[in-house]
4 protein chains.
Amino acid sequence: MKILVTGFDPFGGETVNPSLEIVRLLPDRIGQAELIKLEVPTSFQRSLPVIERAIRETDPDVILSVGQAGGRAAVSVERIGINLSDARIPDNDGFQPVDQPVAEDGPAAYFATVPVRRIVERLRRAGIPAVLSYSAGTFVCNHVLYGVCHLIASHYPHKKSGFIHIPYLPAQTVDKPEEPSMSQETALAALKLALTVLSEEGEGNRTAQKNPSEKMSFHP
Amino acid sequence: MKILVTGFDPFGGETVNPSLEIVRLLPDRIGQAELIKLEVPTSFQRSLPVIERAIRETDPDVILSVGQAGGRAAVSVERIGINLSDARIPDNDGFQPVDQPVAEDGPAAYFATVPVRRIVERLRRAGIPAVLSYSAGTFVCNHVLYGVCHLIASHYPHKKSGFIHIPYLPAQTVDKPEEPSMSQETALAALKLALTVLSEEGEGNRTAQKNPSEKMSFHP
Amino acid sequence: MKILVTGFDPFGGETVNPSLEIVRLLPDRIGQAELIKLEVPTSFQRSLPVIERAIRETDPDVILSVGQAGGRAAVSVERIGINLSDARIPDNDGFQPVDQPVAEDGPAAYFATVPVRRIVERLRRAGIPAVLSYSAGTFVCNHVLYGVCHLIASHYPHKKSGFIHIPYLPAQTVDKPEEPSMSQETALAALKLALTVLSEEGEGNRTAQKNPSEKMSFHP
Amino acid sequence: MKILVTGFDPFGGETVNPSLEIVRLLPDRIGQAELIKLEVPTSFQRSLPVIERAIRETDPDVILSVGQAGGRAAVSVERIGINLSDARIPDNDGFQPVDQPVAEDGPAAYFATVPVRRIVERLRRAGIPAVLSYSAGTFVCNHVLYGVCHLIASHYPHKKSGFIHIPYLPAQTVDKPEEPSMSQETALAALKLALTVLSEEGEGNRTAQKNPSEKMSFHP
């Protein structure tokens, strides 16, 4: 199986984005899964086209996007993306939509289709604080989560998609020491574990196709 | 020079105490400083006697105690210990004082005598979130901070003392994912840097004694 | 016009629910709107039937539900309800669903149809902290928000619905003093202002029907 | 008995200071206590002289200062003032001391001498969130707390002093809605209750002087 893993470039005055840092450090394979790593601009207009082209070119089974969630203390596995963009700060193109839909013709929301609860449980068992999250905000992260789900629902019904938010890196909170952070090592371990779960799921699905009675669901 | 570095055993239902974990991982020397590592019980009655004996036996130049501060996101370099014990939970002996002085005959408070601001600045330059803290609470941590300062003021006027609080480890927040945490690697790096500052200060003082005109103050 | 305003009974070990307290204190009219006040049980199974019956019996133009959001500091005007119930604590019937849909056949989410942004702006101008919220959680509050939207979408396309979360009352935080709270007076003033906005919208709509060129949208 | 109650003028870009708002709204008497209300500038250099003059002119039995503690959710009854000024922002004179003592010749700290625990308990019984606080910070509030204690210790051994921090008003958090607030009504009720405790203590002391066997302590 193939997993497309995306990270965002820095935004909002930060010089790094932990999501991109850890995506870059991933190996080429985890378990049975080949990993395709992609840098995505923190831009409402350019982010989805970059991901769409990578999907066309690499035909992944799963798209897992990773983003920075400043202010959160735990890895947040996002459960739902909503059809609404409402930015408190401009994106990296200077664009700041207010109450715009992500897709004019789309439904109000999509649930992520990766096994969100299993990922959270796996992280917790490994001693990494993790939660199911019910809001990915209304900035570019949600835009990508909703947008990829919409693309898949429309054109690639067999692909799965999900989104994981990770906290600031410690160095990002030096000038805001009240804010929680997570070390790059911990965040990278979390991402590898999430990808391991996806890899096992993929394996389970392949086995399941041969033995339908053992079929495992990929849905949350 | 010699630095006595102390860490506490776990308390309050936790199975680890990050302060003890990182103290155990310290090397035997940092810069010019020999490190003497000591485990201290989280006990109002037993903690200070354990430290006092180690001071008598090892004659350190500096006593740096390290404790866990659940709920804080940054390394907190404590600036002051107060003559008051008021415990919301029992210590590891089941003792829970309410509004008791640490030392019947002591003053209201002591300032730490290690270079607290220099330590914070060094940590920040290294990308580790750190703050000056003005309250070490009223549990065993403050008891030790005040108690060691009182001992030194009374009997060892040339020794220095200080206290550093570190956040929970990530694994401790798995069941309280709203709480901030800090990885063991980051906390250990912070402690090593603090000890490096103390080692350099000690070196500065020794040089200063030879060259009084270059004398550097050890005070904050 | 008529507005059905609902508040929940206490849950989770609390002896009061601020939402019910302030709904009870509402007058019978605000501006041009007649207010119908309804107590709703904090129960996944009983809440929606109670509201549905009231809708059938009173035929309101708008249904505005109010709930308690412990831990939040500001009035939260909810923007979206999702088709997922996942309770960390049992409801008042001892029922604790895990990953259940609110409506088996419903879409992933509905947007509230009251003018959420205008309500937030009105509250802020009056000096009351208020935010747009993108998650009403996955407990009974979200169940009611989603459920009423689903009912309306299915059977009452001309009715509007919304949900407002208010913080704890100060007395509820006496034993958890780190948690923010809001006085009953402030929360009641917030609810009255929200209802004033709805009343003015209703008036605007009626006028608009007579003068189509002035038509105002009820949507966010 | 007489109680001097002080509130600060606005600082840090705020247009109001809740401490001054509620001090102004106090009655002239509470129980047996005559209240003398005083506005104090948020200034390291001008605050203490203003209070000292009022003490000389009005000879109060107790000095209770009230200040704003942005970010706190509960009324904070301060327990200790420390001999250190370290300002993150300039005071209202543009003065921003770094690591300066409040009194060159003073001890490290003073404990407040009003019955802090009894005040907290009284507030809680009345449904007002309140805590004992162990740090009044290092800005003008702590400067006044320490400074008045130092003045009393030096010149007026029979007077008592204390400090109460109150949260932001709701209107102050409109542009920072994550921050907790407390309504003016609740904060005023809290201050009146604190003054009632002081009034009763004063009465107890007077009775005690006549009946030494019933003597009650004013100390925490």
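**Brief notes about the overall build of chain A**
Then, in step 1: When helices and strands are tallied, chain A shows five helices and nine strands.
Then, in step 2: Its helices and strands taken in sequence order, chain A reads β-α-β-β-α-β-β-β-β-α-β-α-β-α from the N to the C terminus.
Then, in step 3: Taken over the C-alpha trace, chain A has a radius of gyration of 17 Å; the compact-globule value for 220 residues is 17 Å, and the two agree within 12%.
Then, in step 4: Counting over 220 residues, chain A shows a buried share of 62%.
Then, in step 5: Considering only contacts in chain A between residues 6 or more positions apart, those separated by 24 or more positions represent 76%.

**Looking at the relation of the copies chain C and chain A**
Then, in step 1: Relative to chain A, chain C is turned by 180 degrees and slid 0.0 Å along the rotation axis, the superposed coordinates differing by an RMSD of 0.0 Å. Both chain copies can therefore be described as sitting about a two-fold axis.
Then, in step 2: A symmetric contact is evident, with 100% of the interface residues of chain C recurring at the interface of chain A.

**Brief notes about the relation of the copies chain B and chain D**
Then, in step 1: The two copies are related by a screw motion: chain B maps onto chain D through a turn of 180 degrees and a shift of 0.0 Å along the axis, at an RMSD of 0.0 Å.
Then, in step 2: Both copies present the same face, since 100% of the interface residues in chain B are matched by interface residues at the equivalent positions in chain D.

**Let's talk about the arrangement of the chains**
Then, in step 1: Of all C-alpha pairs spanning chain B and chain C, none lies closer than 11 Å, and the two are not in contact.
Then, in step 2: The two units chain A and chain D never meet; even their closest C-alpha atoms stay 11 Å apart.

**Here we look at the interface of chain B and chain D**
Then, in step 1: Taken residue by residue, the interface counts 18 residues in chain B and 18 residues in chain D.
Then, in step 2: Carbon and sulfur atoms supply 63% of the area that chain B and chain D bury against each other, a total of about 1400 Å² over both sides.
Then, in step 3: Our count for the chain B to chain D interface comes out at eight salt bridges.
Then, in step 4: Arginine 79 of chain B is the salt-bridge partner of aspartate 86 of chain D, the closest N and O atoms lying 3.8 Å from each other.
Then, in step 5: At the boundary of chain B and chain D, one finds eight residue pairs in polar contact (both at pLDDT 80 or more).

**Structural notes on the pattern of salt bridges**
Then, in step 1: Applying the stated criterion across every chain yields a total of 56 salt bridges over all chains.
Then, in step 2: For glutamate 200 of chain C, the salt bridge goes to arginine 122 of chain C, with nearest N and O atoms at 2.6 Å. Taken together, the residues span a long stretch of sequence, with glutamate 200 of chain C in helix H5 (residues 184-210) and arginine 122 of chain C in helix H3 (residues 116-125) at a distance of 78 residues.
Then, in step 3: Where lysine 176 of chain D meets glutamate 14 of chain D, a salt bridge forms, and the shortest distance between an N and an O atom there is 2.9 Å. Of the two residues, lysine 176 of chain D sits in the loop between strand E9 (160-166) and helix H5 (184-210) while glutamate 14 of chain D sits in the loop between strand E1 (2-8) and helix H1 (18-24), which places them 162 residues apart along the sequence.
Then, in step 4: Here the salt bridges do not stand alone but share partners, grouping Arg79 and Arg117 of chain A together with Asp86 and Asp99 of chain C into one network.

**What about the nonpolar core?**
Then, in step 1: Counting 81 residues, the largest nonpolar core has Ile3 and Leu195 of chain A together with Ile3 and Leu195 of chain C as the members making the most contacts within it.
Then, in step 2: Broken down by element, the residue count for this core peaks at nine residues, all from H5 of chain C.
Then, in step 3: By size, the runner-up hydrophobic cluster in this structure holds 80 residues, among which are Val62 and Leu64 of chain B together with Ile82 and Leu188 of chain D.

**A look at the packing of aromatic side chains**
Then, in step 1: Taken as a whole and assessed by the stated rule, the structure comprises 20 aromatic pairs over all chains.
Then, in step 2: Where phenylalanine 8 of chain B meets phenylalanine 163 of chain B, the ring centres are 6.3 Å apart and the plane angle is 35 degrees; that geometry is what we call tilted. Taken as a pair, phenylalanine 8 of chain B in strand E1 (residues 2-8) and phenylalanine 163 of chain B in strand E9 (residues 160-166) lie far apart in primary sequence, 155 residues in all. Taken individually, phenylalanine 8 of chain B and phenylalanine 163 of chain B each receive the classification buried, so the pair is uniform in this respect.
Then, in step 3: Joined through ring pairs, the aromatic side chains of Phe11, Phe44, Phe95 and Phe139 of chain A make up one cluster.
Then, in step 4: Just above the ring of tyrosine 168 of chain C sits the side chain of lysine 176 of chain C; from NZ or CZ to the centre is 4.7 Å.

**Focus on the pairing of E1 of chain B**
All names here are of chain B.
Then, in step 1: Burial within E1 is extensive, with six of its seven residues counted as buried.
Then, in step 2: Bridge count for E1 against strand E4 (residues 62-68) is five bridges, and the pairing is parallel. Bridging from a neighbouring strand, isoleucine 3 pairs with valine 62 of E4.

**Considering the interface of chain C and chain A**
Then, in step 1: Contact with chain C, which involves 18 residues of that partner, is made by 18 residues of chain A.
Then, in step 2: Around 1400 Å² of area is buried between chain C and chain A when both sides are counted, 63% of it from carbon and sulfur atoms.
Then, in step 3: Viewed at the interface, chain A and chain C are joined by eight salt bridges.
Then, in step 4: In this assembly, chain C and chain A are joined by eight residue pairs in polar contact (both at pLDDT 80 or more).
Then, in step 5: Every element with two or more residues in the side of chain C that touches chain A is listed here: strand E6 (80-82) and strand E7 (109-111) of chain C.
Then, in step 6: If one sorts the elements of the side of chain C that touches chain A by residue count, E7 of chain C sits on top with three residues.
Then, in step 7: Residues that form the side of chain C that touches chain A fall into these classes: eleven nonpolar, three polar and four charged.

**Regarding the packing of helix H2 (residues 47-58) of chain D against helix H4 (residues 140-155) of chain D**
All names here are of chain D.
Then, in step 1: Contact geometry for H2 and H4: axes closest at 10 Å, N-to-C directions at 40 degrees. Of the possible angle classes, the one that applies to H2 and H4 is oblique. In this structure, the crossing between H2 and H4 has a hand that is right-handed. In this structure, H2 contributes Ser47, Leu48, Ile51, Glu52 and Ile55 to the contact, and H4 contributes Val140, His143, Val144, Gly147, Val148 and Leu151.
Then, in step 2: Broken down by class, the residue content of the contact of H2 with H4 amounts to seven nonpolar, three polar and one charged.

**What to know about the sheet that holds strand E4 (residues 62-68) of chain A**
Residue and element names in this part refer to chain A.
Then, in step 1: Read across the open sheet, the seven strands follow the order E2-E3-E1-E4-E9-E5-E8; overall the sheet is mixed. Lying at the two open borders of the sheet, with one neighbouring strand each, are strand E2 (29-30) and strand E8 (130-133).
Then, in step 2: In this fold helix H4 (residues 140-155) packs onto strand E1 (2-8), E4, strand E5 (75-78) and strand E9 (160-166), with an angle of close to 170 degrees to the strand it touches most, E9.

**Concerning unusual backbone geometry**
Then, in step 1: If you check the backbone angles, aspartate 59 of chain C has positive phi at about 50 degrees while not being a glycine.
Then, in step 2: The phi angle at aspartate 99 of chain C is positive, at roughly 50 degrees, despite the residue not being glycine.

**What to know about H4 of chain D**
Then, in step 1: A rise of 1.5 Å per residue sets the reference length of H4 of chain D, with its 16 residues, at 22 Å; its end C-alpha atoms lie 22 Å apart and thus fit the reference within 8%.
Then, in step 2: Counting buried residues along H4 of chain D, 13 of its 16 residues qualify, which places the element largely inside the surrounding structure.

**Examining H2 of chain D**
All names here are of chain D.
Then, in step 1: Under the 1.5 Å per step criterion, the end-to-end length of H2 is 17 Å for twelve residues, consistent within 8% with the ideal 16 Å.
Then, in step 2: Here H2 has its buried residues at Ser47, Leu48, Ile51, Ala54, Ile55 and Thr58. Around the axis of H2, the buried residues are gathered within 125 degrees of arc, so they sit on the same side. Pointing more than 90 degrees away from the buried face of H2 are the exposed residues Arg56 and Glu57.

**Looking at the environment of isoleucine 119 of chain A**
Residue and element names in this part refer to chain A.
Then, in step 1: With respect to the element layout, isoleucine 119 can be found in helix H3 (residues 116-125).
Then, in step 2: Measuring from C-alpha to C-alpha, the distance between isoleucine 119 and valine 16 comes to 25 Å, with 103 residues separating the pair along the chain.
Then, in step 3: Aside from chain neighbours lying at most four places away, what touches isoleucine 119 is Val77, Val114, Ile164, Ala194, Val197 and Leu198.

**As for the sheet that holds strand E5 (residues 75-78) of chain D**
By definition, the strands of a sheet pair up through backbone hydrogen bonds, in either a parallel or an antiparallel sense.
Residue and element names in this part refer to chain D.
Then, in step 1: Pairing in this open sheet of seven strands is mixed, and the strands run E2-E3-E1-E4-E9-E5-E8 from one edge to the other. Looking at the sheet topology across the chains shown, the edges are occupied by strand E2 (29-30) and strand E8 (130-133).
Then, in step 2: Lying over the sheet, H4 contacts E1, strand E4 (62-68), E5 and E9, oriented at roughly 170 degrees with respect to E9.

**Observations concerning the pairing of strand E9 (residues 160-166) of chain C**
Note on strand geometry: in a regular strand, side chains alternate between the two faces of the sheet.
Residues and elements named next belong to chain C.
Then, in step 1: The buried fraction of E9 is high, at seven of seven residues.
Then, in step 2: Neither face of E9 is open: one carries Lys160, Gly162, Ile164 and Ile166, the other Ser161, Phe163 and His165, and all of them are buried.
Then, in step 3: Relative to E9, strand E4 (residues 62-68) is paired through seven bridges, and the arrangement is parallel. Counted as the bridge partner of glutamine 68 is isoleucine 166 from E9.
Then, in step 4: Pairing of strand E5 (residues 75-78) with E9 involves two bridges; the strand directions are antiparallel. Residue pairing across strands places valine 77 opposite isoleucine 164, the latter belonging to E9.

Scoring rules and cut-offs
- Residues numbered from 1 in each chain as written.
- Chains lettered and ligands numbered in written order.
- Predicted model: local features only at pLDDT ≥ 70, side-chain atom pairs only at ≥ 80, totals over all residues.
- Heavy atoms only, no water.
- Helix = DSSP H or I, 4+ residues; strand = E, 2+ residues; numbered from the N terminus.
- Rg over C-alpha atoms; globule rule 2.2 N^0.38 Å.
- Buried < 20%, exposed > 50% of the residue type's maximum accessible area, 1.4 Å probe, protein only.
- Contact = heavy atoms within 4.5 Å.
- Least-squares fit on C-alpha atoms with pLDDT ≥ 70 in both.
- Buried area = accessible area lost by both parts, 1.4 Å probe.
- Salt bridge = Lys/Arg side-chain N within 4 Å of Asp/Glu carboxyl O.
- Polar contact = N/O pair within 3.5 Å; in protein donor to acceptor, adjacent residues only side chain to side chain.
- Core = buried A, V, L, I, M, F, W, Y, C linked by side-chain atoms within 4.5 Å.
- Phe/Tyr/Trp six-rings, centres within 6.5 Å; stacked < 30°, edge-to-face > 60°.
- Lys NZ or Arg CZ within 6 Å of the ring centre and 35° of its normal.
- Pairing = 2+ DSSP bridges.
- Nonpolar A, V, L, I, M, F, W, Y, C, P; charged D, E, K, R; others polar.
- Axes fitted to C-alpha atoms, helices over the stretch in contact; angles between N-to-C directions.
- Parallel < 35°, antiparallel > 145°, perpendicular 65-115°, else oblique.
- Left-handed = near helix turned anticlockwise from the far one by under 90°.
- Expected span 1.5 Å × (residues − 1).
- Arc of directions from axis to C-beta.

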